[in-house]
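Topology and contacts: notes
Letter by letter, the chains look like this.
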Amino acid sequence: MTAALDPLFLSFQSAVAGRYSIDRELGRGGMGVVYLAKEVDLDRPVAIKLLPPDMAANAALRDRFLREARTAAKLSHPNIIPIHVVDVVDDFVFFAMAYVDGETLMERVRRRGPLPPSEAARVLREVAWALAHAHAHGVVHRDVKPDNILLETGTGRALVADFGIAAAGGGSGPEIAGTPEFMSPEQALGKTVDARSDIYSFGCTAYFALSGALAFEGRSATEVLAKQVTEAPRPLVTAAGAVPRKLAQTVERCLAKDPAERPQSAEVVGEQLGLALEQRRELPVALRAFVKHSARLDGGAALIYPFGLLIGAAWVGGWAQSVTAAFGTLIGGMTLVPVTALVNRARRLLKQGFGHSDLAPAFKAEIEQGREERAVDAGHGPSLVERLLRIGSGLGFGAAVVTFTLQFTLVMAPIIPLIGWLVGWASGIGALILLQRRRDVDAEFYSKLWTSGVGRVLFRVARLFASQKMLASSITHRPTELSIGMAAEQLYQGLPKETRQELKALPDVLRKLEGDAQRLRKRHDELQEALPGGGRERTAAGSDDVDKIAQRHDDAVEAVKEERDLVHAKLASTVAALETIRLNLLRLHAGSGSVQSLTTDLGLAYEVAKEVDLLLEARREVDALLDDPKGR
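What you see is a predicted model, and the numbers here were worked out from it, not measured in a lab. (Residues numbered from 1 in each chain as written. Predicted model: local features only at pLDDT ≥ 70, side-chain atom pairs only at ≥ 80, totals over all residues. Heavy atoms only, no water.)

**What to know about the pairing of strand 2 (residues 32-39)**
So the rule is basically this: Exposure is judged per residue with a 1.4 Å probe applied to protein chains only, and the accessible area is read against the type maximum: over 50% gives exposed, under 20% gives buried, and values in between give partly exposed. Each helix corresponds to a stretch of at least 4 residues labelled H or I by DSSP, and each strand to a stretch of at least 2 residues labelled E; elements are numbered beginning at the N terminus. Two strands pair under a simple rule: DSSP has to find at least two bridges between them.
Taken across its eight residues, strand 2 has seven buried, putting it largely inside the fold. Sheet topology places strand 2 next to strand 3 (residues 44-51); seven bridges connect them, and they run antiparallel. Looking at strand 3, one finds that Glu39 is bridged to Arg44. Where strand 2 folds back onto strand 3 in an antiparallel hairpin, the turn is made up of four residues, including Asp43, whose phi is positive at roughly 50 degrees.

**What to know about the packing of helix 7 (residues 195-211) against helix 10 (residues 245-254)**
The cut-off we apply is this: The axes are straight lines fitted to the C-alpha atoms, using for helices just the contacting stretch, and the angles between their N-to-C directions are given from 0 to 180°. To sort the angles, those under 35 degrees are grouped as roughly parallel, those over 145 as roughly antiparallel, those from 65 to 115 as roughly perpendicular, and the leftovers as oblique. In this scheme, a crossing is called left-handed if the near helix is turned counterclockwise away from the far one by less than a right angle; it is called right-handed if the turn is clockwise. Whether two residues are in contact is decided by their heavy atoms: any pair within 4.5 Å suffices.
At a minimum axis separation of 7 Å, helix 7 and helix 10 run at an interaxial angle of 140 degrees. On the basis of the axis angle, helix 7 is oblique to helix 10. Seen from above, helix 7 lies across helix 10 with left-handed handedness. From helix 7, Ile199, Tyr200, Phe202, Gly203, Ala206, Tyr207 and Leu210 reach across to helix 10, where they touch Leu247, Val251 and Cys254.

**Structural notes on the nonpolar core**
Heads up, the rule is: By nonpolar core we mean a set of buried residues, namely Ala, Val, Leu, Ile, Met, Phe, Trp, Tyr and Cys, connected to one another through side-chain atoms within 4.5 Å.
With 69 residues, the main nonpolar core has Ile81, Phe163 and Phe202 as its most contacted residues. Ignoring anything within four residues of it in the chain, the contact list for Ile81 reads Met97, Ala98, Val100, Leu150, Leu159, Val160 and Ala161.

**Observations concerning helix 4 (residues 105-112)**
For clarity, the threshold we go by: In this description, the arc belongs to the directions extending from the helix axis to the C-beta atoms.
Of the positions making up helix 4, those classed as buried are Leu105, Met106, Arg108 and Val109. Summarising the axial view, the buried residues of helix 4 lie within an arc of 165 degrees, below the 170-degree limit, and thus occupy one face. In this structure, helix 4 carries Arg110 and Arg111 as exposed residues pointing more than 90 degrees from its buried face. In the core, the buried residues of helix 4 are packed alongside strand 6 (102-104), helix 5 (117-136), strand 7 (149-152) and helix 7.

**Looking at the pattern of salt bridges**
Quick reminder of the rule: Salt bridges, as used here, are contacts in which a Lys or Arg side-chain nitrogen is within 4 Å of a carboxyl oxygen on Asp or Glu.
Going through the model one piece at a time under the given rule, you end up with 24 salt bridges. One salt bridge connects Glu126 with Arg122, and the closest N-O pair in it is separated by 3.4 Å. Separated by four residues within a single helix, Glu126 and Arg122 lie in helix 5, roughly one turn from each other. The buried category is assigned to Glu126, whose relative accessible area is 12%. A salt bridge links Arg582 to Glu579; the shortest N-O distance between them is 2.7 Å. Of the two residues, Arg582 and Glu579 both sit in helix 24 (residues 544-590), three residues apart, roughly one turn of that helix. As far as the burial class goes, Arg582 and Glu579 line up, both buried.

**Notes on the packing of aromatic side chains**
So the rule is basically this: For Phe, Tyr and Trp, rings pair up if their centres lie within 6.5 Å, where Trp contributes its six-membered ring, and each pair is then called stacked (planes under 30 degrees apart), edge-to-face (over 60) or tilted (otherwise).
Counted by the stated rule, this structure contains nine aromatic pairs. For the pair Tyr20 and Phe94, a centre-to-centre distance of 6.2 Å together with 90 degrees between the ring planes defines the contact as edge-to-face. Taken together, the residues span a long stretch of sequence, with Tyr20 in strand 1 (residues 20-29) and Phe94 in strand 5 (residues 92-98) at a distance of 74 residues. Neither Tyr20 nor Phe94 differs from the other in exposure class; each is buried.

**Section: a nonpolar patch on the surface**
Rules: Patch membership requires over 30% relative accessible area and the absence of a salt bridge. Like charges are linked within 9 Å, and nonpolar side chains (Val, Leu, Ile, Met, Phe, Trp, Tyr) within 5 Å. What sets the accessible areas is the Shrake-Rupley method with a 1.4 Å probe; for residues, cover comes only from the shown protein chains.
A cluster of nonpolar side chains, namely Leu384, Leu388, Ile391 and Leu395, defines an oily patch on the protein surface of about 440 Å² accessible area. Turning to its location among the elements, Leu388 is positioned in helix 16 (residues 384-406). Using a relative accessible area of 52% as the deciding quantity, one classes Leu388 as exposed.

**Here we look at the sheet that holds strand 8 (residues 158-160)**
One open sheet accounts for three strands, arranged 6-7-8; its pairing is antiparallel. If you trace the sheet from one side to the other, it starts and ends with strand 6 and strand 8, each paired once. The sheet shows a mean angle of 30 degrees between the axes of neighbouring strands, taken without regard to direction. Pairing analysis gives three bridges linking strand 7 to strand 8, with the strands arranged antiparallel.

The following block contains the structure:
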């Protein structure tokens with residue numbers, strides 16, 4: 001009701017009546033007032049930013065606002081809030097942009113404290129991608145700060161607002177643009193700024209996201225600006241605590257006073273954050289609990305239950321009369337009870353915001369961690385005792401089969417095959433116990449079960465009993481391709497049945513692209529690890545053999561770099577194909593897309609998948625030849 005009494009609200013609503021229905025004020029600052037409104041024609045929510053009338057009265061400022069808003073409207077990127085229209089109606093200068101249901105990074109940190117390192121790296125990488133896209137189109141933000149970064153509810157996606165508009169803050173020079181706590185030294189001194197100024201502001205934002213504290217504080221704006229120019233911030237590891245070294249180094253390089261010492265592009269920053277993010281991806285507690293306990297039929301309780309029903313049926317009806325009922329109970333209990341239990345556990349995981357696509361990396365992390373821990377006591381390979389037990393198991397079962405067969409032609413004691421079976425079973429169980437000491441056999445079995453088509457079906461059934469509210473999740477731990485794929489799958493499930501039928505190939509395409517992206521990411525990591533950690537000095541004076549060896553080493557390093565870059569490019573193409581499908585699904589939900597357009601994108605995605613298959617298959621053939629030069 002307060003907004004309705006505001007004269008500016010009333011006059012602006014009167015001016016745009018019929019085009020926009022303004023709901024309420026979202027916020028205001030030195031550069032304008034932001035309203036939540038409905039666009040009448042398309043019936044969609046939008047955020048409208050209005051230049052205050054007293055500022056719009058300045059012709060130079062008005063023209064600059066319009067020029068830079070129109071420039072920013074040309075940017076199209078998943079991590080940039082799109083501007084739909086820039087307009088002037090009577091005395092009102094404004095632009096309408098997509099409304100994002102979420103909170104700013106500033107609000108998130110103030111409300112819940114610093115972001116965990118893995119979540120911060122993911123959010124900051126998306127911001128870096130947005131900056132890189134803008135810089136490639138000649139747009140410098142000039143006011144990168146937590147208040148201009150929105151975190152979307154449900155997906156956790158970071159979106160950057162007010163691109164290029166901050167420079168319209170008044171006057172004719174760049175010195176008045178920006179926020180002191182996030183302003184670069186060259187900006188504070190009134191010098192000409194470029195993309196590297198945004199990178200410095202990005203560093204201040206990252207420092208705040210990880211520590212919850214500002215890199216530079218003061219009693220006045222002048223004091224803060226003086227510190228920006230002359231002082232170094234407190235080390236991030238001191239201010240934030242347990243921040244991974246690579247992540248801290250990336251942020252601190254962004255905060256270099258000399259622009260030449262900073263990363264020279266936001267794209268480079270994004271790559272460095274990606275490496276820091278992939279160094280150690282900590283699983284959320286819900287996923288860890290699932291792969292350790294909920295994914296398994298612990299203790300066989302679900303299997304014991306049907307035997308209890310069997311005994312109960314026999315006790316009540318008598319053994320002879322209840323054979324059929326008991327048999328049915330046993331068979332049904334052996335299948336329906338475990339399946340029902342697993343579906344219910346999948347439903348609980350959906351309720352906690354995770355889906356089927358999260359299981360593969362979760363099980364992989366659990367198995368790898370378990371293997372490392374077991375290797376301390378049991379070693380990496382089978383022991384001599386384990387090998388002997390395996391041999392004994394094979395011989396025991398083999399002898400049992402042979403002697404049982406010979407019973408029909410030779411006079412043999414029935415005890416002989418029984419001894420073979422007992423030896424086989426005893427040796428097999430012993431070998432399995434020793435194998436379990438070395439490998440988590442249970443985890444490997446349930447990993448194959450849950451990540452296969454069986455697990456996918458269990459989650460589909462569980463989804464039928466899950467509300468849409470339950471399916472919303474905070475995607476902070478997943479590789480990008482899985483985050484996009486899961487969001488796209490949820491959008492697909494939300495389409496009408498007839499539309500889903502027209503796009504019935506879409507889920508298979510999503511799974512193919514997700515799998516390809518994961519394989520490419522794994523290959524990229526392998527190649528990255530194969531590269532030398534630092535520069536290698538050539539031998540100053542040596543024999544021809546030494547020089548030849550050095551040259552071969554350099555050639556091999558270059559070959560690995562070339563393949564790594566090729567794999568990286570294919571990974572980017574694969575993720576982009578996933579993103580295109582997701583965005584077109586969003587457009588379809590918004591009523592601005594078509595099934596035909598989405599079908600075309602699915603065809604293009606198939607082509608991308610074929611190229612990835614050819615690349616990885618060629619790599620496998622090369623590896624096979626290297627392992628066996630003669631092709632045997």
